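Chains, contacts and geometry: an overview
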Amino acid sequence: KASSLAAEASNAKTAAVAVADHGRAAVDEAERLKNELATTAGALAKALEVANLRKTATDAATAALARERAEARAALEKRDRDHEARLEAVDARLQVRGGELKATMRARERAHEEAFAAVAAE
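The notes below deal with the structure included here.

**A short note on the overall build of the protein chain**
Within the protein chain one finds one helix and zero strands. For the protein chain, the C-alpha radius of gyration of 52 Å lies well beyond 14 Å, the compact-globule estimate for 122 residues. With respect to the three principal axes, the spread of C-alpha positions in the protein chain is 175 × 15 × 10 Å. Taking all 122 residues of the protein chain together, 0% fall into the buried category. The averaged location of the 21 negative side-chain charges in the protein chain is 4 Å from the averaged location of its 21 positive side-chain charges.

**A closer look at the environment of leucine 94**
Looking at the element boundaries, leucine 94 is found in helix α1 (residues 2-121). When the C-alpha positions of leucine 94 and alanine 9 are compared, they lie 125 Å apart, and in sequence the two are 85 residues distant.

**Section: the environment of alanine 45**
Along the polypeptide, alanine 45 turns up in helix α1. A C-alpha to C-alpha distance of 50 Å links alanine 45 and asparagine 11, two positions 34 residues apart in sequence.

**So, the pattern of salt bridges**
Tallied over the entire structure, the rule returns seven salt bridges. The residue arginine 32 makes a salt bridge to glutamate 36 at a minimum N-O spacing of 2.8 Å. Taken together, the residues arginine 32 and glutamate 36, both in helix α1 and four residues apart, mark about one turn of the helix. In this structure, the salt-bridge partner of lysine 78 is aspartate 82, at a minimum N-O distance of 2.9 Å. Of this pair, lysine 78 and aspartate 82 both sit in helix α1, four residues apart, which is roughly one turn of that helix. Residue lysine 78 is classed as partly exposed on the basis of its relative accessible area, which comes to 45%. By relative accessible area, which is 30% here, aspartate 82 ends up partly exposed. Residues joined by salt bridges that share partners form a network here, namely Glu29, Arg32 and Glu36.

**Describing a negative patch on the surface**
Among the surface-exposed residues, Glu77, Asp80, Glu84, Glu88 and Asp91 lie close enough to one another that they form a single negatively charged patch. Along the chain, glutamate 77 falls in helix α1. With relative accessibility at 41%, the residue glutamate 77 sits in the partly exposed group.

The rules we used
- Here the residue numbers are simple positions, counted from 1 along each chain's written sequence.
- It should be noted that, the model being predicted, local features are given only for residues of pLDDT at least 70 and side-chain atom pairs only at 80 or more, the latter also being counted only at that level, while totals for whole chains, interfaces and linings use all residues.
- By convention in this description, side-chain values take in all heavy atoms of the structure and omit both hydrogens and water.
- Only DSSP runs of H or I covering at least 4 residues are called helices, and only runs of E covering at least 2 are called strands; the numbering of each starts at the N terminus.
- Computation of the radius of gyration draws on C-alpha atoms, with the globule rule given as 2.2 Å multiplied by the number of residues to the power 0.38.
- The classification of residues rests on relative accessible area computed with a 1.4 Å probe and restricted to protein chains. Under 20% of the type maximum is buried, over 50% is exposed, and intermediate values are partly exposed.
- Asp and Glu are treated as the negative residues and Lys and Arg as the positive ones, with His and the ends of the chain left uncounted.
- Where a charge sits is defined by one atom per residue type, namely NZ (Lys), CZ (Arg), CG (Asp) or CD (Glu).
- What makes a salt bridge here is a side-chain nitrogen of Lys or Arg within 4 Å of a carboxyl oxygen of Asp or Glu, nothing more.
- Patch members must show over 30% relative accessible area and no salt bridge, and they are joined within 9 Å when carrying like charges or within 5 Å when they are nonpolar side chains of Val, Leu, Ile, Met, Phe, Trp or Tyr.
- Using a 1.4 Å probe, the Shrake-Rupley method yields the accessible areas, and only the shown protein chains count as cover for residues.

See the structure below:
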(Lines give C-alpha, C1' and ligand atoms only; values in the text may rest on other atoms or scores of the structure.)
Protein backbone atom coordinates (compact mmCIF):
# COMPACT_ATOMS: atom_id res chain seq x y z
CA LYS A 1 0.00 0.00 0.00
CA ALA A 2 2.85 2.38 0.81
CA SER A 3 4.56 1.74 -2.50
CA SER A 4 1.29 2.40 -4.28
CA LEU A 5 0.95 5.71 -2.43
CA ALA A 6 4.57 6.55 -3.21
CA ALA A 7 3.96 5.83 -6.90
CA GLU A 8 0.84 7.99 -6.87
CA ALA A 9 2.74 10.80 -5.16
CA SER A 10 5.53 10.49 -7.71
CA ASN A 11 2.98 10.59 -10.55
CA ALA A 12 1.27 13.60 -8.95
CA LYS A 13 4.63 15.32 -8.55
CA THR A 14 5.50 14.64 -12.19
CA ALA A 15 2.10 15.95 -13.25
CA ALA A 16 2.52 19.03 -11.04
CA VAL A 17 5.97 19.71 -12.56
CA ALA A 18 4.51 19.30 -16.04
CA VAL A 19 1.64 21.66 -15.20
CA ALA A 20 4.09 24.18 -13.72
CA ASP A 21 6.33 23.90 -16.81
CA HIS A 22 3.29 24.34 -19.04
CA GLY A 23 2.20 27.32 -16.90
CA ARG A 24 5.67 28.92 -17.18
CA ALA A 25 5.63 28.35 -20.96
CA ALA A 26 2.18 29.94 -21.14
CA VAL A 27 3.36 32.92 -19.07
CA ASP A 28 6.47 33.27 -21.29
CA GLU A 29 4.28 33.11 -24.42
CA ALA A 30 1.90 35.70 -22.96
CA GLU A 31 4.86 37.98 -22.13
CA ARG A 32 6.24 37.55 -25.67
CA LEU A 33 2.83 38.36 -27.18
CA LYS A 34 2.45 41.38 -24.87
CA ASN A 35 5.88 42.70 -25.99
CA GLU A 36 5.05 42.02 -29.63
CA LEU A 37 1.72 43.83 -29.24
CA ALA A 38 3.45 46.78 -27.56
CA THR A 39 5.99 46.92 -30.39
CA THR A 40 3.21 46.76 -32.99
CA ALA A 41 1.20 49.41 -31.15
CA GLY A 42 4.30 51.61 -30.97
CA ALA A 43 4.94 51.15 -34.69
CA LEU A 44 1.31 51.96 -35.48
CA ALA A 45 1.42 55.06 -33.28
CA LYS A 46 4.62 56.18 -35.02
CA ALA A 47 3.07 55.53 -38.45
CA LEU A 48 -0.01 57.54 -37.45
CA GLU A 49 2.18 60.36 -36.18
CA VAL A 50 4.13 60.40 -39.47
CA ALA A 51 0.87 60.34 -41.46
CA ASN A 52 -0.47 63.25 -39.41
CA LEU A 53 2.77 65.19 -39.93
CA ARG A 54 2.58 64.54 -43.67
CA LYS A 55 -1.05 65.67 -43.74
CA THR A 56 -0.14 68.81 -41.80
CA ALA A 57 2.73 69.51 -44.21
CA THR A 58 0.47 68.89 -47.21
CA ASP A 59 -2.22 71.18 -45.79
CA ALA A 60 0.38 73.89 -45.13
CA ALA A 61 1.81 73.53 -48.64
CA THR A 62 -1.68 73.69 -50.16
CA ALA A 63 -2.47 76.84 -48.17
CA ALA A 64 0.86 78.40 -49.18
CA LEU A 65 0.16 77.63 -52.85
CA ALA A 66 -3.28 79.19 -52.57
CA ARG A 67 -1.78 82.32 -50.99
CA GLU A 68 0.94 82.52 -53.66
CA ARG A 69 -1.65 82.07 -56.42
CA ALA A 70 -3.82 84.83 -54.93
CA GLU A 71 -0.81 87.14 -54.56
CA ALA A 72 0.30 86.43 -58.14
CA ARG A 73 -3.23 87.07 -59.44
CA ALA A 74 -3.40 90.35 -57.49
CA ALA A 75 0.03 91.38 -58.82
CA LEU A 76 -1.01 90.61 -62.41
CA GLU A 77 -4.25 92.52 -62.02
CA LYS A 78 -2.35 95.51 -60.58
CA ARG A 79 0.18 95.35 -63.41
CA ASP A 80 -2.66 95.25 -65.95
CA ARG A 81 -4.31 98.29 -64.31
CA ASP A 82 -0.97 100.15 -64.26
CA HIS A 83 -0.35 99.35 -67.94
CA GLU A 84 -3.87 100.43 -68.84
CA ALA A 85 -3.39 103.72 -66.97
CA ARG A 86 -0.06 104.32 -68.74
CA LEU A 87 -1.62 103.56 -72.14
CA GLU A 88 -4.44 105.99 -71.40
CA ALA A 89 -1.92 108.66 -70.38
CA VAL A 90 0.11 108.08 -73.56
CA ASP A 91 -3.09 108.21 -75.64
CA ALA A 92 -4.08 111.50 -73.99
CA ARG A 93 -0.63 112.98 -74.67
CA LEU A 94 -0.80 111.81 -78.30
CA GLN A 95 -4.20 113.42 -78.72
CA VAL A 96 -2.90 116.70 -77.27
CA ARG A 97 0.20 116.51 -79.48
CA GLY A 98 -1.98 115.69 -82.49
CA GLY A 99 -4.11 118.75 -81.77
CA GLU A 100 -0.96 120.88 -81.45
CA LEU A 101 0.38 119.55 -84.77
CA LYS A 102 -2.93 120.30 -86.52
CA ALA A 103 -2.89 123.84 -85.15
CA THR A 104 0.72 124.30 -86.30
CA MET A 105 -0.12 122.96 -89.77
CA ARG A 106 -3.11 125.32 -90.03
CA ALA A 107 -0.93 128.26 -88.96
CA ARG A 108 1.68 127.33 -91.61
CA GLU A 109 -1.01 126.99 -94.26
CA ARG A 110 -2.35 130.45 -93.33
CA ALA A 111 1.19 131.86 -93.40
CA HIS A 112 1.78 130.32 -96.85
CA GLU A 113 -1.55 131.58 -98.10
CA GLU A 114 -0.78 135.05 -96.76
CA ALA A 115 2.69 134.91 -98.36
CA PHE A 116 1.23 133.82 -101.73
CA ALA A 117 -1.42 136.52 -101.45
CA ALA A 118 1.27 139.11 -100.70
CA VAL A 119 3.39 137.92 -103.66
CA ALA A 120 0.36 137.90 -105.90
CA ALA A 121 -0.59 141.38 -104.77
CA GLU A 122 2.84 142.76 -105.74
